[in-house]
Amino acid sequence: MSRLILVLGDQLTPGLSSLQAADRASDVVLMAEVMAEARYVRHHKKKIALVFAAMRHFAAELREQGWRVDYVPLDDPGNSGSLRGEVERAMVRHGCGAVIATEPGEWRLMQEMAQWPATTLLDDARFLADRHGFARWAQGRKGLRMEHFYRLMRRKTGLLMEGDQPAGGQWNYDHDNRERPPGALGLPTPMRFAPDAVTAEVLDLVARRFPDHFGDLTPFWFGTTRDQARAAFDHFLTHALADFGRYQDAMLTGHRFLHHAVVSPYLNLGLLDPLDMCQRVEAAWRAGLVPLNSAEGFIRQIIGWREFVRGIYWWRGPDYAASNALEAKRPLPAFYWTGDTPMACLRACITQTREEAYAHHIQRLMVTGNFALLAGIDPHELHEWYLAVYADAYEWVELPNTIGMSQFADGGLLASKPYAASGAYIQRMSDYCGSCAYDVKAKEGAKACPFNLLYWHFIARHAERLRGNARMGPMLRVWDRFAPEKQAQLLRDGQAFLDTLR
Ligand SMILES: Cc1cc2nc3c(=O)[nH]c(=O)nc-3n(C[C@H](O)[C@H](O)[C@H](O)COP(=O)(O)OP(=O)(O)OC[C@H]3O[C@@H](n4cnc5c(N)ncnc54)[C@H](O)[C@@H]3O)c2cc1C
Ligand code: SF4
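Quick caveat: nothing in here was measured; it's all calculated off a predicted structure.

Q: Just to check I follow, could you spell out the sheet that holds strand 1 (residues 3-6) for this structure?
A: Where strands meet in a sheet, backbone hydrogen bonds hold them as pairs that are either parallel or antiparallel. One open sheet accounts for five strands, arranged 3-2-1-4-5; its pairing is parallel. One side of each edge strand has no neighbouring strand; the edge strands of this open sheet are strand 3 (68-72) and strand 5 (119-122). Strand-to-strand twist across the sheet, computed as the mean angle between neighbouring axes with direction ignored, equals 25°. Summarising the sheet, strand 4 (residues 98-102) and strand 5 pair through four bridges and their orientation is parallel. The partner of Thr 102 across the bridge, within strand 5, is Leu 122. Against the sheet, helix 3 (residues 45-64) contacts strand 2 (28-32) and strand 3, and its axis sits at roughly 160° relative to strand 3. On the sheet, helix 4 (residues 83-94) packs against strand 1, strand 2, strand 3 and strand 4 and is oriented at approximately 135° with respect to strand 3.

Okay, here's the thing in structure tokens:
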């Protein structure tokens, strides 16, 4: 009896464990576009289009390789709207007695699929650290630090190693990677692709069926095939990697991508292989084409942060999503959906998010994330926002970045201190403040930068909790030295701004 091989929308990899376990001659591959997955948060229109178009191209790729693929488009009149419904229908259609699938990337689906009858879930082997091994490593450790995990991963993969020692003598070159924004001339841009007929059909579908979702659908320029994803990565290696390191934290109005790779949408779908990418980055360094700080910085993001946050996601379990150590309760301000705010930094990052379904790491962490942290926005609402608005957002990677790194809502499990900063950080790393209605230098009064007002409000709100954190000590001592009248004034100004968010 043939088996049904279910391939999910972010499992577009020919070497997927479920395909490896299947028999091309007798088994049937099922791929289905279902409303339940497209709507459980209101994903950005570009994200839905990217996933559906890439799925359709992958189905064609599998057929070319000789697989029997049953593909259910969203508009199929019989489409039940759920994965479970589509699996049941396909079992009957093909007379299958069992289902094989690679584990999904979310607790929500994992819990659901674990209840399906006659279904075998296989490990997702597309990562460099297996999640059970991570849990064993993490269990019982006093503090979890990415840097320790990263060194293990360098040794495990052999990337940038000279024997047992890191290439160049240091494990981490982050201190070289904090330069202010470059001039606007000659900046690289990511590779753009014109939609082919398959993608154009999906764009039409998304425009019709998801008009109420966030974000601009067009212009749509993401690649939707494995070859295009590879070409986009090659383009990054040639045009942007050399300066990736030094400008990694910079932000510049009108230059949305700077030297970032803009490959996470492809990588998270399974169109690129993380180890292959890192090996190619290392080869570029060994060939003398790019400096070590850029190569190391890039490799650290992939084998360090990306694997580390995934490990934490699975290790902490489904309850991690409800973490709220700082008891933040404020609703997400409406301007997160519109960009309609006089704060130039937030306006730029949110407008770009709406138009591109992309913002780079520092825009997410130090602008939208930092503001939410300082203002005490409910981390779960914020998590649903990040999950919806970015083309690369899948819960295994988005949730720990939001809950742990950006909002400190897990109480410091993932990050050693809150990523809280005043306007001075944004001024140093961007040119946003020049066009802002607020004055980044002002610390009080109606014109004062809201990040400045909220920074001290945040420190004061959480002073008792943060006193136990050695890295926050210097800022707490500054707060303690302020005269009581100054403290009271700062708190009043901060609160007055917060009241405007209602
Ligand atoms: C609040 C918040 C939410 C985030 N949500 C997501 C998300 O949903 N999906 C996602 O892929 N990344 C997420 N990130 C991490 C990071 O912002 C994106 O991976 C990065 O911006 C993708 O753009 P890029 O491909 O140009 O990355 P580059 O800056 O060029 O980095 C190269 C690659 O490194 C990996 N990477 C870098 N930083 C991280 C990180 N902190 N965690 C995991 N991988 C990393 C990505 O795969 C990325 O493609 C989030 C970060 C924050 C602070
Ligand atoms: S002044 Fe403050 S709010 Fe305005 S852009 Fe600068 S950091 Fe952002």
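Q: Sorry, what's going on with the state of the cysteines here?
A: The term disulfide refers to a covalent linkage connecting the sulfur atoms of a pair of cysteines. Under the defined criterion, the tally for this structure stands at zero disulfides. As a non-bridged cysteine, Cys 349 has Cys 345 as the owner of its nearest cysteine sulfur, 6.7 Å distant.

Q: Please clarify how the packing of helix 16 (residues 361-375) against helix 18 (residues 395-406) should be interpreted in this entry.
A: Any two packed helices are characterised by the angle at which their axes cross and by the distance between the axes. Running from amino to carboxyl end, helix 16 crosses helix 18 at an angle of 55°, the nearest separation of the two axes being 11 Å. On the basis of the axis angle, helix 16 is oblique to helix 18. When you trace helix 16 past helix 18, the crossing you get is right-handed. Contacts from His 361, Leu 365, Gly 369 and Leu 373 in helix 16 reach Asn 401, Met 405 and Ser 406 in helix 18. When its residues are assigned to classes, the contact of helix 16 with helix 18 shows three nonpolar, four polar and no charged.

Q: Is there a simple way to think about the packing of helix 20 (residues 450-461) against helix 23 (residues 484-500) in this case?
A: As a packed pair, helix 20 and helix 23 sit with axes 8 Å apart at the nearest point and diverge in direction by 115°. Of the possible angle classes, the one that applies to helix 20 and helix 23 is roughly perpendicular. Considering the relative orientation of helix 20 and helix 23, their crossing is left-handed. Between helix 20 and helix 23, the residues in contact are Pro 450, Leu 453, Leu 454, Trp 456, His 457, Ala 460 and Arg 461 and Leu 490, Leu 491, Asp 493, Gly 494, Gln 495, Phe 497 and Leu 498, respectively. The residue makeup of the contact of helix 20 with helix 23, split by class, is nine nonpolar, three polar and two charged.

Q: Before we go on, may I ask you to explain the pattern of salt bridges in this structure?
A: Close approach of charged atoms lets side chains of opposite charge pair. Across all of its chains, the model carries 34 salt bridges by this definition. Across the pair Arg 3 and Asp 27 runs a salt bridge whose closest N-O atoms are separated by 2.7 Å. A residue pair is termed long-range when its members are at least 10 positions apart, and Arg 3 in strand 1 and Asp 27 in the loop between helix 1 (17-20) and strand 2 qualify at 24 residues. The partly exposed category is assigned to Arg 3, whose relative accessible area is 27%. A salt bridge links Glu 296 to Arg 300; the nearest nitrogen and oxygen atoms lie 2.8 Å apart. Of this pair, Glu 296 and Arg 300 both sit in helix 13 (residues 292-316), four residues apart, which is roughly one turn of the helix. One exposure class covers both Glu 296 and Arg 300, and it is buried. Connected through salt bridges with shared partners, the residues Asp 216, Arg 256, Arg 354, Glu 355 and Glu 356 form a single ionic network.

Q: Looking at this structure, how should I read the environment of Arg 310?
A: Residue placement: Arg 310 occurs in helix 13. Placed 105 residues apart in sequence, Arg 310 and Leu 205 show a C-alpha to C-alpha distance of 32 Å. Once you skip the residues sitting within four places of it in the chain, Arg 310 turns out to touch Asp 124, Phe 127, Ala 129, Arg 131 and Trp 396.

Q: Explain the environment of Tyr 386 to me, please; I cannot follow it from the model alone.
A: Mapped onto the secondary structure, Tyr 386 falls in helix 17 (residues 379-389). Measuring from C-alpha to C-alpha, the distance between Tyr 386 and Pro 73 comes to 26 Å, with 313 residues separating the pair along the chain. Non-local contacts of Tyr 386, meaning those with residues more than four positions away in its chain, are made with Arg 364, Thr 368, Gly 369, Ala 393, Glu 398 and Thr 402. There is a polar contact of 3.0 Å between the side chain of Tyr 386 and the backbone nitrogen of Gly 369.

Q: Would you mind going over the layout of surface pockets with me for this structure?
A: Unoccupied space between atoms shows up once a probe the size of one water molecule is rolled over them. Put simply, the second largest pocket is a space of about 330 Å³. In this structure, the second largest pocket is lined by 25 residues; those nearest its centre are Thr 13, Gly 270, Leu 272, Asp 273 and Pro 274. At the level of secondary structure, the elements contributing two or more residues to the lining of the second largest pocket comprise helix 9 (226-239), helix 11 (264-269), helix 12 (274-286) and helix 13. Grouping the amino acids of the lining of the second largest pocket by side-chain chemistry returns nine nonpolar, five polar and 11 charged.

Reading guide: rules and limits
- Residues numbered from 1 in each chain as written.
- Chains lettered and ligands numbered in written order.
- Predicted model: local features only at pLDDT ≥ 70, side-chain atom pairs only at ≥ 80, totals over all residues.
- Heavy atoms only, no water.
- Pairing = 2+ DSSP bridges.
- Helix = DSSP H or I, 4+ residues; strand = E, 2+ residues; numbered from the N terminus.
- Axes fitted to C-alpha atoms, helices over the stretch in contact; angles between N-to-C directions.
- Contact = heavy atoms within 4.5 Å.
- Disulfide = S-S within 2.5 Å.
- Parallel < 35°, antiparallel > 145°, perpendicular 65-115°, else oblique.
- Left-handed = near helix turned anticlockwise from the far one by under 90°.
- Nonpolar A, V, L, I, M, F, W, Y, C, P; charged D, E, K, R; others polar.
- Salt bridge = Lys/Arg side-chain N within 4 Å of Asp/Glu carboxyl O.
- Buried < 20%, exposed > 50% of the residue type's maximum accessible area, 1.4 Å probe, protein only.
- Polar contact = N/O pair within 3.5 Å; in protein donor to acceptor, adjacent residues only side chain to side chain.
- 1 Å grid on protein atoms, 1.4 Å probe; cavity = no way out; pocket = protein on both sides within 12 Å on 5 of 7 lines; lining within 4 Å.
- Points joined across faces, edges and corners; volume = space filled by probe spheres on them.

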